[in-house]
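# A look at the structure
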Amino acid sequence: DFAVWVEIFKIGFPFFVVQIGTFIYNVVAANAIGAVAGEDASLYIGAFGVISGYIVYIIMMFSNVLTYGMQPLVSVNNGAKKNDRIKETLTYSTIAQIIVCTVLAVLTWIFATPIANFFDGGDAVLTAAVVDAVHIFIPVAALGFLGNHVSSYLQCIEKIVPATIVSLLRYVILASPLMVLVGNAFGNITGVWYGLLIADIVTGIICIAIVVRENKRLSAAA
């Protein structure tokens, strides 16, 4: 049934877009770092690779566990028109998301040096670059991860356009231009890391606002 296939593709589209967004984000990040790091570009691109490919990825694994656990609960209750259960699931999963990811981010900030050593082979210069970056933007990473969480929620209630926009929020809409703009404003690598910091904070604020709005809507519809 071609109509069913189209419906499946439509509902799954936001997750597909996340993969494209990640690709764009990595390309922009490498170029933003190269533009301000000069002769040390390879060092900082390597540091970004360690952070993005290992440290942030591991925290995101825990974030995804909470998100993917939420999805079937929201989807089933949406079909059953159980708005009170959707509200409860969204509220508590969002709180759990923030708490778990914040704890992991704080632990990463505290133990940044041994964690970096584990993934970069003990290269002292690379470790220092990784630790400097981690200390700037990792503490607010939990806010950035809310982008995927809220996008997945919107996907489950079949609000596909908002879900697609939110799925692009952190990586493409905010982080990519901010890394370039703030990096150029600072004129050094620190500006790139602060661009990521701002992107995570703004993503979190927008996503929390969406959760609050959804809770009000669900309460009114219950």
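Quick caveat: nothing in here was measured; it's all calculated off a predicted structure.

### Topic: the side chain of Thr127
For Thr127, the location among the structural elements is in helix 5 (residues 124-137). A polar contact is formed between the side chain of Thr127 and the side chain of Asn117, at a distance of 2.9 Å. In this view, Thr127 contacts Thr113, Ala116, Asn117, Asp120 and Gly122; residues no more than four positions away in its chain are not counted.

### Quick word on unusual backbone geometry
Phi is positive for Lys81, close to 60°, though the residue is something other than glycine. Position of Lys81 relative to the elements: it lies in the loop between helix 2 (41-79) and helix 3 (83-110). Residue Lys81 is classed as exposed on the basis of its relative accessible area, which comes to 67%. In this structure, Glu158 takes a positive phi of about 65° despite not being glycine. Along the chain, Glu158 turns up in the loop between helix 6 (141-156) and helix 7 (160-186).

### Some points on the packing of aromatic side chains
As enumerated under the stated definition, the model contains 10 aromatic pairs in all. Aromatic side chains Phe13 and Phe16 sit 6.2 Å apart centroid to centroid with 45° between the ring planes, which places their arrangement in the tilted category. You can see Phe13 and its partner Phe16 sitting in helix 1 (residues 2-37), three residues apart, about one turn around the helix. You can call Phe13 partly exposed: its relative accessible area is 30%. With a centroid separation of 6.1 Å and an interplanar angle of 35°, the aromatic rings of Phe137 and Trp193 are classed as tilted.

### Here we look at the packing of helix 1 against helix 8 (residues 189-221)
With their axes 8 Å apart at the nearest point, helix 1 and helix 8 run at an angle of 150° to one another. With respect to their mutual orientation, helix 1 and helix 8 come out roughly antiparallel. Mapping the contact onto sequence places Tyr25, Ala32, Ile33 and Val36 in helix 1 and Ile189, Val192, Trp193 and Leu196 in helix 8. By residue class, the composition of the contact of helix 1 with helix 8 is eight nonpolar, no polar and no charged.

### Observations concerning the packing of helix 7 against helix 8
Running from N to C, helix 7 and helix 8 point in directions that differ by 145°, and their axes come no closer than 7 Å. Crossing handedness for the pair helix 7 and helix 8: right-handed. Looking at the contact of helix 7 with helix 8 residue by residue, the classes come out as 17 nonpolar, five polar and two charged.

### Some words on the pattern of salt bridges
The tally for this structure, following the rule as stated, stands at four salt bridges. A salt bridge links Lys10 to Glu7, with the nearest nitrogen and oxygen atoms 3.3 Å apart. Within this pair, Lys10 and its partner Glu7 are both found in helix 1, separated by three residues, close to a single helical turn. One network of salt bridges, in which partners are shared, links Lys159, Glu214 and Arg217.

### So, the nonpolar core
With 61 residues, the main nonpolar core has Ile33, Val130, Phe137, Ile138, Tyr153 and Trp193 as its most contacted residues. At the level of elements, helix 1, helix 2, helix 3, helix 4 (112-120), helix 5, helix 6, helix 7 and helix 8 are the ones that each hand at least two residues to this core. Ranked by the residues each element gives to this core, the list is headed by helix 2, at 12 residues. Ignoring sequence-local partners within four residues, the contact set of Ile138 consists of Ile55, Val56, Ala105, Thr108 and Trp109.

Cut-offs applied
- Residue positions are counted from 1 within each chain, in the order its sequence is given.
- Per-residue local features are limited, in this predicted model, to residues with pLDDT of at least 70; the limit for side-chain atom pairs, both in listing and counting, is 80 or more; totals at the level of whole chains, interfaces and linings are taken over all residues.
- Excluding hydrogens and water, the side-chain figures rest on all heavy atoms present in the structure.
- Secondary structure elements follow DSSP: runs of H or I of four or more residues count as helices, runs of E of two or more count as strands, with numbering from the N terminus.
- Contacts described as polar in this section are N or O atom pairs within 3.5 Å, which, within protein, must combine one atom able to donate a hydrogen with one able to accept it, while residues neighboring in sequence count only if both atoms come from side chains.
- Two residues form a contact once any of their heavy atoms are found within 4.5 Å.
- Relative accessibility thresholds used throughout: buried, under 20% of the residue-type maximum; exposed, over 50%; partly exposed, between the two (1.4 Å probe, protein chains only).
- Each Phe, Tyr or Trp ring, with Trp reduced to its six-membered ring, pairs with another whose centre is within 6.5 Å; inter-plane angles below 30 degrees give stacked pairs, above 60 give edge-to-face pairs, and intermediate values give tilted ones.
- An axis is simply a line fitted to the C-alpha atoms; with a helix, the fit covers only the stretch in contact. Between two such axes, the angle follows the N-to-C directions and lies from 0 to 180 degrees.
- Orientation labels follow simple angle bins: below 35 degrees gives roughly parallel, above 145 gives roughly antiparallel, 65 to 115 gives roughly perpendicular, and whatever is left gives oblique.
- Residues are grouped as follows: Ala, Val, Leu, Ile, Met, Phe, Trp, Tyr, Cys and Pro are nonpolar; Asp, Glu, Lys and Arg are charged; all remaining types, including Gly, are polar.
- Put simply, a crossing is left-handed when the front helix is turned counterclockwise from the back one by less than a right angle, and right-handed when it is turned clockwise.
- A carboxyl oxygen of Asp or Glu within 4 Å of a side-chain nitrogen of Lys or Arg is what we treat as a salt bridge.
- Residues belong to a common nonpolar core when they are buried Ala, Val, Leu, Ile, Met, Phe, Trp, Tyr or Cys residues joined through side-chain atoms within 4.5 Å.

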